[in-house]
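# Overview (structure and organization)
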Amino acid sequence: MKKYLLTCLSLLIGLGFFSALYAADDQTSSRFQWKSVTGIERQWQGWDFYFGGQVAVDAIGYDRDNRKNDGLRWETLNLLISGNYGDRFDFFVEPDLLGIDTKNNLFEAWAGWRITPDLHLRAGQVKVALNTELATRPENFPCLDYGFSSYLDGRYDLGVQVDGALLNNCIWYEATVTAGAGFDLDGNRRSDPLLALRTVVFPAQFIDLNFLANWFAGLGLSWGPDYDDNIFVQTPLRSTVFTTRNLHGDDYRSRHFEAGWYNGPFRIGAERVRCEIEEFDQITSWSAYASWNITGETMRWERGGWQPSSRQSGRGQTFLNLPGCLELAFRYSNADIDRALFDTGMTAYDPSTQEVRTATVNLSWSPRPGLQIAAGWVKTIADHELTTLGGTNRDSSYILRARLVL
């Protein structure tokens, strides 16, 4: 199995260098054109369909004290199926072929109606993201995997969701009602209904200063009548650093604050979340991240999350004549969770720690749209010694990821 995974990883990396070697504009006679390596597009009775997929393979080198085995693992193996009927109706389905992070091997599956160009209604299995990090597709976020804030209040669930824009896109909002038949980012059950609201404001949109125009602030709120599930938090390398038994609590609430800015090839973001479940009112986390497109691509934020960066108009040769996008990113994430959960026996100091932080550095290269090769370093520091970290409270590990999206 490891040999097979190593072959997949080698093929993906080789494909990146092969596409770099034969990189050329559409007007040249290069034998290799990346546009030929895409998903399948079909039309039928006014519908436009797209059939694609995503595969990602990791090579991980753990800290010498970590008892996990170095090696290769499947990270992602998904299908991506979408369609639209003109500008009015659309749908999206993302089956999870690995079944590691989902219930019933399915991330999203919804049908939508674009009531107006700025108002979109969806119904089905949707993602509930109260921050930019989780709302962004993984291939478009500068750091590998998620910080702690996304784990505390992110989920997928059956429900109805509407998002829209106001005042010439100065305000974006999203409202969601779910049935309580979902799961969190690790596939753990989320069985209680939820009402969520998120809004992001660009207060300087009308100021004639490009440097200030692209900063934003956001607020996310969620409420549920019950909380019969557990709290679960992992590091970007999937080391569990906090988990509880089912709390069987009432009156769940979360408040998520965020701010960010982007200009040209730079972006920064920060967020903080606070969750409350009855008397447990100190379930908190905060994260900050920044990235730089060394090759000069322009950052884009739209409808809740980061979008693929775009090449600046009139740009000449890239840095070191390297084709595609080369991006350097950093993220710091901290989780500080209510000590009362330990005092009441809801969890213990191993497998959980009361406070934990991670620092992540990533360098990613996308030689062609849809192909990404990323290297990362993740430093974890916990307040308590954890078995998942080899019986220590520190871990320093490395990851190499190859991702192909069609």
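What you see is a predicted model, and the numbers here were worked out from it, not measured in a lab. (Residues numbered from 1 in each chain as written. Predicted model: local features only at pLDDT ≥ 70, side-chain atom pairs only at ≥ 80, totals over all residues. Heavy atoms only, no water.)

### Notes on the overall build of the protein chain
If you tally the helices and strands in the protein chain, you get 5 helices and 23 strands. With 406 residues in all, the protein chain has 51% of them scored as buried. At a minimum sequence separation of 6, the contacts of the protein chain that also span at least 24 residues come to 62%. (Helix = DSSP H or I, 4+ residues; strand = E, 2+ residues; numbered from the N terminus. Buried < 20%, exposed > 50% of the residue type's maximum accessible area, 1.4 Å probe, protein only. Contact = heavy atoms within 4.5 Å.)

### A look at the packing of aromatic side chains
On inspection of all chains with the given rule, the structure shows 20 aromatic pairs. Taken together, a centroid distance of 5.8 Å and an interplanar angle of 85° make the contact between phenylalanine 242 and phenylalanine 342 edge-to-face. Of the two residues, phenylalanine 242 sits in strand E14 (residues 240-243) while phenylalanine 342 sits in helix H5 (residues 340-343), which places them 100 residues apart along the sequence. Exposure class is identical for phenylalanine 242 and phenylalanine 342. Each is buried. Taking the centre distance of 6.2 Å and the plane angle of 10° together, the rings of phenylalanine 266 and tryptophan 292 count as stacked. Of this pair, phenylalanine 266 sits in strand E16 (residues 266-277) while tryptophan 292 sits in strand E17 (residues 280-293), and the two are 26 residues apart along the sequence. (Phe/Tyr/Trp six-rings, centres within 6.5 Å; stacked < 30°, edge-to-face > 60°.)

### A closer look at a nonpolar patch on the surface
Residues Phe266, Trp292, Leu328, Phe330, Val361 and Leu363 make up a contiguous nonpolar surface patch of about 500 Å² in total accessible area. Listed by contribution, the elements that provide at least two residues to the nonpolar patch are strand E20 (325-336) and strand E21 (355-368). Considering the arrangement of structural elements, one finds leucine 363 in strand E21. For leucine 363, a relative accessible area of 39% puts it in the partly exposed group. (Patch = residues over 30% accessible without salt bridge, like charges linked within 9 Å, V, L, I, M, F, W, Y side chains within 5 Å. Areas by Shrake-Rupley, 256 points an atom, 1.4 Å probe, with all protein chains shown as cover. Salt bridge = Lys/Arg side-chain N within 4 Å of Asp/Glu carboxyl O.)

### Comments concerning the nonpolar core
Within the largest apolar cluster, 27 residues are counted, with the highest numbers of intra-cluster contacts made by Ile231, Ile283 and Leu341. Secondary structure elements with two or more residues in this core: helix H3 (148-153), strand E11 (194-201), E14, E16, E17, H5 and strand E22 (371-386). When residues in this core are grouped by element, the largest group, 3 residues, is from E16. The residues touching isoleucine 283, leaving out its near neighbours within four places in the chain, are Leu152, Ile231, Val273, Arg274, Cys275, Ile277, Asp336, Ile337 and Asp338. Listed in part, the 12 residues of the second largest apolar core include Cys143, Trp172, Tyr289 and Trp301. (Core = buried A, V, L, I, M, F, W, Y, C linked by side-chain atoms within 4.5 Å.)

### Details of the confidence of the model for the protein chain
Residues at a pLDDT of 70 or more form 87% of the protein chain, whose mean pLDDT is 88. Below a pLDDT of 50 lies the segment residues 1-5, which in the model reaches 8 contacts outside its immediate sequence neighbourhood of four places, other chains included. pLDDT under 50 marks residues 20-35. Its contacts with residues more than four places away, or in other chains, come to 22 contacts. (pLDDT = per-residue confidence, 0-100.)

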